[in-house]
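Architecture and fold: a report
Chain residues, written in single-letter form:
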Amino acid sequence: GNVITPFKYNFAGYFREGLACINIGGGIRKTIDSLTGGFQKVYKEKVIGGKWGFIDKKGKEIIPLEYGILGEMHDGIIKVNRLNNEAYPVDVTSFIRGKWGFITKDGKKITDCIYDYVDDFKEGYARVKINDKWGYINTNGDVVIAIKYDNAWDFNEGLANVAIGDKCGYIN
């Protein structure tokens, strides 16, 4: 039972790939997670606000506490958002304002926080959105499929479904 970090965090998550998500300055908000069949409210507590980072198992801050939101780590890559002290749940990303980018688990920047929305990498690509148009980047942060589609979905078995207007098709 040795203490490896000071007791200064408002939130400390589980370790994944050797790192744990931490928060300073956030607060707990109870939100309705779902309604049961009898319309009983089921509440879920979420940490909102503050700044987020990651520590290693020795307590060293690997990702500094400077992000408004951190996504979950997948294959050593983390989606990040730089909010200006806006309070949103950490695990809700589909409606969040602010700009998104990616970093590696050792803190190396893959992209600046320039995208209106990003999704996790699937099959080596992440879908990204700017000005209501979608495209894809690779794990180096290079735009490899032009940001020109009205809608786009994740890659699956080497193909992704994309839309222009009300027509859909596949790209590889």
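Going along each chain's sequence as written, the residues are numbered from 1 onward. Note on the predicted model: pLDDT of at least 70 is required for a residue's local features to be given, and 80 or more for side-chain atom pairs to be given and counted; whole-chain, interface and lining totals, by contrast, use all residues. With hydrogens and water stripped out, all remaining heavy atoms of the structure feed into the side-chain values.

1. A few points about the sheet that holds strand β16 (residues 160-164)
Here a strand pair is declared whenever DSSP counts at least two bridges between the two strands. Helix and strand assignments follow DSSP, with helices taken as H or I runs no shorter than four residues and strands as E runs no shorter than two, numbered in order from the N terminus. In spatial order, the strands read β15-β16-β17; together these three strands make up an open sheet with antiparallel pairing. Both outer strands of the open sheet, β15 (151-152) and β17 (167-171), are each paired with one neighbouring strand and no more. As defined by bridge partners, β16 adjoins β17 across five bridges and the pair is classed as antiparallel. What sits directly across from Val-162, in β17, is Gly-169.

2. Here we look at the packing of aromatic side chains
Stacked, tilted and edge-to-face are the three classes applied to pairs of Phe, Tyr and Trp rings, where Trp contributes its six-membered ring and a pair requires centres within 6.5 Å; stacked means planes under 30 degrees apart, edge-to-face means over 60, and tilted covers the rest. Taken as a whole, this structure holds five aromatic pairs when the rule is applied. Taking the centre distance of 5.7 Å and the plane angle of 70 degrees together, the rings of Tyr-117 and Trp-134 count as edge-to-face. Of the two residues, Tyr-117 sits in strand β11 (residues 117-118) while Trp-134 sits in strand β13 (residues 133-138), which places them 17 residues apart along the sequence. Each residue's exposure class comes from its accessible area (1.4 Å probe, protein chains only) as a fraction of the maximum for that residue type: buried when under 20%, exposed when over 50%, partly exposed otherwise. Classification of Trp-134 by relative accessible area gives buried; the value is 7%. Ring pairs connect the aromatic residues Tyr-125, Tyr-136 and Phe-155, which therefore count as one cluster. Just above the ring of Phe-15 sits the side chain of Lys-57; from NZ or CZ to the centre is 5.9 Å. Look at NZ for Lys and CZ for Arg. If either is within 6 Å of the ring centre and within 35 degrees of the ring normal, a charge sits over the ring. Stacked on the ring of Trp-100, the Lys or Arg Lys-79 has its end atom at 6.0 Å from the ring centre.

3. Let's talk about the nonpolar core
Buried Ala, Val, Leu, Ile, Met, Phe, Trp, Tyr and Cys residues form a nonpolar core when they are joined through side-chain atoms within 4.5 Å. Core analysis: the biggest nonpolar cluster contains 12 residues, these being Ile-69, Ile-77, Leu-83, Trp-100, Phe-102, Ile-110, Tyr-115, Val-118, Phe-121, Ala-126, Val-128 and Ile-137. Excluding anything up to four places from it in sequence, Tyr-115 contacts Gly-98, Lys-99, Trp-100, Val-128, Lys-129, Ile-130, Ile-137, Val-143 and Ile-147. Counting residues in each nonpolar core, the second largest holds 11 residues, with Cys-21, Phe-54, Tyr-67 and Met-73 among its members. Contacts between residues were defined by any pair of non-hydrogen atoms, one from each residue, lying within 4.5 Å.

4. Side note on the sheet that holds strand β5 (residues 51-56)
The strand order across the open sheet built from four strands is β1-β2-β5-β6, with neighbouring strands paired in antiparallel fashion. For this open sheet the edge positions go to β1 (11-16) and β6 (61-67), each flanked by a neighbour on one side alone. Going from strand to strand, the sheet's axes swing by 15 degrees on average, the running direction of each strand aside. Pairing of strand β2 (residues 19-24) with β5, which is carried by six bridges, proceeds in the antiparallel orientation. In the sheet register, Asn-23 faces β5, and the bridge partner there is Trp-52. Lines fitted to C-alpha atoms define the axes here, with helix axes fitted over just the stretch in contact, and angles between the N-to-C directions of these axes take values from 0 to 180 degrees.

5. Examining the environment of His-74
For His-74, the location among the structural elements is in strand β7 (residues 69-74). Residues His-74 and Asp-120 lie 46 residues apart in sequence; the distance between their C-alpha atoms is 7.3 Å. For His-74, the contacting residues outside a window of four places in its chain are Arg-16, Glu-17 and Asp-120. Identification of polar contacts relies on pairs of N or O atoms within 3.5 Å, with a donor-acceptor requirement for protein atoms, meaning one able to donate a hydrogen and the other able to accept it, and with residues adjacent in sequence counted only if both atoms are side-chain atoms. At 3.3 Å, the side chain of His-74 and the side chain of Asp-120 are in polar contact.

6. What to know about the environment of Ile-78
Relative to the assigned elements, Ile-78 resides in strand β8 (residues 77-82). The exposure class of Ile-78 is buried, given its relative accessible area of 0%. Taking the C-alpha atoms as reference points, Ile-78 and Lys-109, separated by 31 residues in sequence, lie 9.8 Å from one another. In this structure Ile-78 touches Phe-54, Leu-70, Gly-71, Glu-72, Met-73, Gly-101, Phe-102, Ile-103, Thr-104 and Lys-105, once residues within four positions along its chain are discounted.

7. Comments concerning the pairing of strand β12 (residues 125-130)
Alignment of β11 against β12, held across two bridges, turns out to be antiparallel. By the bridge assignment for β12, Val-118 is matched with Val-128. In terms of strand pairing, β12 meets β13 through six bridges, oriented antiparallel. Counted as the bridge partner of Tyr-125 is Asn-138 from β13. Following β12, the chain reverses through two residues before pairing antiparallel with β13; Asn-131 in that reversal takes a positive phi of roughly 50 degrees.

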